[in-house]
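Understanding the architecture of this molecule
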Amino acid sequence: MNTSESEEYVYVRERALLAELIQRMGTAERVAVDTEADSLHNYFAKVCLIQLSLADEHYLVDPLCGLDLSGLLEALAETPLIFHGGDYDLRMMRGSMGFRPRREVFDTMIAAQLLGFERLGLAALIERYFGIKIGKAGQKSDWSSRPLSANQLLYAVNDTRFLERLADRMRGELDERGRGDWHRESCRAMVESTGRDHARDPESAWRIKGAGRLTRRQLAYLRELWRWRNQHARSANQPAFKVLGNQEILALVQWAESHPGVPLHQGPRLPRNIVGAQLTTLEEAIARAARMDEAKWPEPRKRDREAPRNDCIEVINALHAECARIAKELEIAASTLAPRAALEAIVRSRPRSVDEIMKSAGLLRWQAELVQGAVEKCLRSARSS
């Protein structure tokens, strides 16, 4: 056992401790889970620590020490789980370990949304319910580095220490307000979404924030510079922003397009790490964009979704106002009830039933049932006008 500030946890780095944990999980009614990954420090992100709490027992499992975790993952899959913001954790666990839960998942962040809380972070919920303030000093740690410090381990264990008690309190409030079914459906949908692959369009990946304001010629520079950065980030296993930040790329695009043929050392100041081969290949990327035929310049990206027709805008606004009113009565955010994109899809497709609302707008059943009256009212008004 390791003790810090009178808090105990088991740091699992040996086969014997892992076997004990797996055996203990066989009697657990549920397990609180969190993970720490290294996406802030590596291009190829992976799970670097798994935090588990079983009632008042807390475990930190090191997946980087060579242990076979297949038995643990199988036990986890067959146990009801509690997460806070489990979307990221489940995606990381699937990508790093092939893990998929097979029992109920209770997500406290989703619960907070359905209870209408403004502050959704775990620290805010712990303070709200228990009057305890937990530190955030480990949020940007390099979790792939070993050894982990005592402060890192204490930060990590606090991510699951309170989750079971938190889930109990929030489950009670959800049931009290008749929202337990909303939460169960929302958690199931979250889990299902983390099991689907989301292929990244190579023609969209390089279009960073701010690309929509660029000309076609500038987009040609942006694409070449993004590809240069991505290649170096992959080869060095570094996050892309540590090679060159997005704002630095955009500044370089503007300068390169307006200073053709000018040596790069006369341009914007570059990070100190861009020297030698990196600097040479950066100059080559700029040169490729400079001599690219106009026919090969990228086209501005079309809107991801069809812009609403002028005759639909008034209906969309009316529906948005109705849904905002319903959300206010429920004391939840309007976007939790139905995002504006969903309302635009409803107005375009004109659904006539709850199932059609779900299909056309991608809403869950509880959402579709709540907005059905507003949908019928606004579409009926549109037909009669």
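This is a predicted model, so every value here is computed, not measured. (Residues numbered from 1 in each chain as written. Predicted model: local features only at pLDDT ≥ 70, side-chain atom pairs only at ≥ 80, totals over all residues. Heavy atoms only, no water.)

**Re the overall build of the chain**
- Each helix and strand in the chain was counted, giving 18 helices and seven strands.
- Within the chain, the fraction of its 385 residues that count as buried is 46%.
- Residue pairs at least 24 apart in sequence account for 67% of intrachain contacts in the chain once pairs closer than 6 positions are excluded.
- Put simply, the chain shows about 20600 Å² of open surface, and 47% of that area lies on carbon and sulfur atoms. (Helix = DSSP H or I, 4+ residues; strand = E, 2+ residues; numbered from the N terminus. Buried < 20%, exposed > 50% of the residue type's maximum accessible area, 1.4 Å probe, protein only. Contact = heavy atoms within 4.5 Å. Areas by Shrake-Rupley, 256 points an atom, 1.4 Å probe, with all protein chains shown as cover.)

**Some details on empty space enclosed by the protein**
- Within the structure shown, the criterion is met by one cavity of 30 Å³ or more.
- Roughly 40 Å³ of volume is contained in the largest cavity.
- If you go around the largest cavity, the residues you meet are E104, F106, R171, L174, D175, G180, H183 and R184.
- Mapped onto the lining of the largest cavity, the elements with two or more residues apiece are α7 (163-176) and α8 (180-194).
- Classifying every residue of the lining of the largest cavity by side-chain character gives two nonpolar, two polar and four charged. (1 Å grid on protein atoms, 1.4 Å probe; cavity = no way out; pocket = protein on both sides within 12 Å on 5 of 7 lines; lining within 4 Å. Points joined across faces, edges and corners; volume = space filled by probe spheres on them. Nonpolar A, V, L, I, M, F, W, Y, C, P; charged D, E, K, R; others polar.)

**Remarks on the side chain of T160**
- If you trace the backbone, T160 turns up in helix α6 (residues 150-161).
- Beyond its immediate stretch of four places on either side in the chain, T160 contacts A32, V33, D34, Q51, L52 and S53.

**Brief notes about the side chain of S186**
- Of note, S186 is situated in helix α8.
- Setting aside anything within four residues of it in sequence, one finds S186 in contact with I110, L114, L364 and W366.

**Things to note about the packing of helix α3 (residues 86-97) against α8**
- Contact pair α3 / α8: the axes reach a minimum separation of 9 Å and the direction vectors enclose 30°. At the point where α3 passes α8, the crossing takes the right-handed sense. Contacts from G86, D87, L90, R91 and R94 of α3 reach α8 at M190, V191, S193 and T194.
- In terms of residue class, the contact of α3 with α8 is built from three nonpolar, three polar and three charged. (Axes fitted to C-alpha atoms, helices over the stretch in contact; angles between N-to-C directions. Left-handed = near helix turned anticlockwise from the far one by under 90°.)

**A few points about the nonpolar core**
- If you look at the biggest cluster of nonpolar residues, it comprises 81 residues, and the most contacted ones within it are L52 and M170.
- The element best represented in this core is helix α14 (residues 310-330), accounting for eight residues.
- What M170 contacts, discounting residues up to four positions off in sequence, is F106, T108, A111, A112, L115, F117, L125 and Y129.
- Within the second largest apolar cluster, 26 residues are counted, among which are A233, I249, A256 and A285. (Core = buried A, V, L, I, M, F, W, Y, C linked by side-chain atoms within 4.5 Å.)

**Examining the environment of R288**
- In this structure, R288 sits in helix α13 (residues 276-290).
- Between the alpha carbons of R288 and E224 there is a distance of 7.5 Å; along the sequence they are 64 residues apart.
- One polar contact links R288 to E224, side chain to side chain, over a distance of 3.0 Å. (Polar contact = N/O pair within 3.5 Å; in protein donor to acceptor, adjacent residues only side chain to side chain.)

**Comments concerning α13**
- Between the first and last C-alpha of α13 there are 21 Å, a value that for 15 residues agrees with the 21 Å anticipated at 1.5 Å per step.
- Among the residues making up α13, those that are buried are Q278, L282, A285, I286 and A289. An end-on view of α13 places all buried positions within 95° of arc, on one side of the element.
- Residues of α13 that are buried sit in contact with α10 (216-236), α11 (240-243) and α12 (246-258). (Expected span 1.5 Å × (residues − 1). Arc of directions from axis to C-beta.)

**A short note on unusual backbone geometry**
- With omega at 0°, the peptide bond leading from R146 into P147 counts as cis.
- Mapped onto the elements, P147 comes out in the loop between α5 (122-130) and α6.
- Residue A55 is not a glycine yet carries a positive backbone phi of 55°.

**A word on α5**
- Of the residues making up α5, those classed as buried are L122, A123, A124, L125, I126 and Y129.
- Looking at the buried side of α5, the elements it contacts are α4 (108-114), α6 and α7.
- Two residues or fewer past α5, G131 is found with a positive phi of approximately 65°.

**Details of the pairing of strand β4 (residues 47-54)**
- Burial runs high along β4: eight of the eight residues are buried.
- Pairing analysis gives six bridges linking strand β3 (residues 31-37) to β4, with the strands arranged antiparallel. Looking at the pairing, A32 lines up with S53 of β4.
- Where β4 lies against strand β5 (residues 57-61), five bridges are found, and the strand directions are antiparallel. Paired with Q51 across the two strands is L60, which belongs to β5.
- Linking β4 back to β5 in an antiparallel pair, the connection comprises two residues, with A55 at a positive phi of about 55°. (Pairing = 2+ DSSP bridges.)

**As for the layout of surface pockets**
- By volume, the largest pocket is sized at about 540 Å³.
- Forming the walls of the largest pocket are 23 residues, and the residues nearest its centre are D34, E36, Q139, Y155 and D159.
- Taken together, the elements giving at least two residues each to the lining of the largest pocket come down to β3, α3, α5 and α6.
- Grouping the amino acids of the lining of the largest pocket by side-chain chemistry returns nine nonpolar, eight polar and six charged.
- In terms of lining residues, the second largest pocket is bounded by 18 residues, among which I110, Q113, S186, M190 and L364 are the most central.

**With respect to the pattern of salt bridges**
- Per the counting criterion, the structure on display carries 20 salt bridges.
- The partner of K46 in a salt bridge is D38, and the shortest N-O contact between them spans 2.5 Å.
- For E329, the salt bridge is made with R325, and the minimal N-O distance between the two is 3.0 Å. With E329 and R325 both in helix α14 and four residues apart, this pair spans about one turn of that helix. (Salt bridge = Lys/Arg side-chain N within 4 Å of Asp/Glu carboxyl O.)

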